[in-house]
Amino acid sequence: MISSVGAISLALMFSASSLWAAGNFDDCGSLRLTNDGCLVFAPDHHPGIYSLDNYFGFGAGDRVHVTGRHDSNYFCGCSSRCIRQNTITEGCSTLCSSVQNDVNNDGRINVSDIVALISYIFLGGEAIECLEQGDCNSNGRIEISDVVCLIDVIF
Ligand SMILES: [Ca+2]
Ligand SMILES: [Ca+2]
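Structural notes, computed from the coordinates. All values reported here derive from a predicted model rather than from experimental measurement.

How each quantity is defined
Residues numbered from 1 in each chain as written. Chains lettered and ligands numbered in written order. Predicted model: local features only at pLDDT ≥ 70, side-chain atom pairs only at ≥ 80, totals over all residues. Heavy atoms only, no water. Donors = N, O, S within 2.8 Å, 3.2 Å for Na, K, Ca; no water. Tetrahedral: all angles 85-135°; square planar, octahedral: opposite > 155°, others 65-115°. Buried < 20%, exposed > 50% of the residue type's maximum accessible area, 1.4 Å probe, protein only. Helix = DSSP H or I, 4+ residues; strand = E, 2+ residues; numbered from the N terminus. Lys, Arg positive; Asp, Glu negative; His and termini not counted. Salt bridge = Lys/Arg side-chain N within 4 Å of Asp/Glu carboxyl O. Contact = heavy atoms within 4.5 Å. Expected span 1.5 Å × (residues − 1).

### Looking at the coordination of the calcium ion (ligand 1)
Looking at the calcium ion (ligand 1), one finds its protein donor set to be Asp102 (OD), Asn104 (OD1), Asp106 (OD), Arg108 (O), Asp113 (OD) and Asp113 (OD), positioned 2.2 to 2.6 Å from the metal centre. Here the calcium ion (ligand 1) binds six donor atoms, and the angle range of 53 to 166° at the metal identifies the geometry as irregular. On the basis of relative accessible area, Asp106 is assigned to the partly exposed category, the value being 31%.

Quick look at the structure:
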């Protein structure tokens, strides 16, 4: 039979260990699919990948801001690291690759980068999130000469 003192110290140990195991989580990152087809969250500033309790309709490739509780005692399917009771919101800035001429930051340098530049400069199109990657001639400004430069680079 466990004495009341023993029971109390056991209870304290349990609550302490669950406190240690569950930390507040708050990071930006990307959602992606594992090789097994599991949707996971890859944070920018935490190692590894995490499963989330809720994805709220977000999908692979989305840049998201996730908050929740990191609970290492809880297994939630795809990863031993889980974030419980999480929220997901848009609004994390894009993690720029710093690859010059990859204007749209998709990892490739091709005609779609020219389109992104032209759209931004002439058509008031989507903002270039990684502006320095569009500065083909490295003069610190995004302008028509960068379109000419990029056409030179690609063709
Ligand atoms: Ca690109
Ligand atoms: Ca330039």
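Next, the rest of the story.
### Here we look at the coordination of the calcium ion (ligand 2)
Ideal donor angles around a metal are set by the shape: a four-donor tetrahedron calls for 109.5 degrees, a six-donor octahedron for 90 or 180 degrees. Distances from the calcium ion (ligand 2) to its protein donors, Asp135 (OD), Asn137 (OD1), Asn139 (OD1), Arg141 (O), Asp146 (OD) and Asp146 (OD), fall at 2.2 to 2.4 Å. Around the calcium ion (ligand 2) sit six donor atoms; with metal-centred angles ranging over 54 to 170°, the donor geometry is irregular. One chain supplies every donor for the calcium ion (ligand 2), spaced along it as D-x1-N-x1-N-x1-R-x4-D. Of this pair, Asp135 sits in the loop between α2 (111-122) and α3 (144-154) while Asp146 sits in helix α3, placing them 11 residues apart in sequence.

### Structural notes on the side chain of Asp102
In this fold, Asp102 is placed in the loop between β5 (82-89) and α2. One buried charged residue, Asp102, forms no salt bridge at all, with the nearest opposite charge on Arg108 at 7.7 Å. Apart from residues lying up to four places away in sequence, Asp102 is in contact with Ser97, Gly107, Arg108, Ile109, Asp113 and Gln133.

### As for α2
Look at α2: 16 Å from first C-alpha to last across 12 residues, which is about the 16 Å you get at 1.5 Å a residue. Looking only at α2, the buried set comprises Asp113, Ile114, Ala116, Leu117 and Ser119. In this structure, the buried side of α2 is in contact with α3. Downstream of α2 by one or two residues, Gly124 has phi in the positive range, about 60°.

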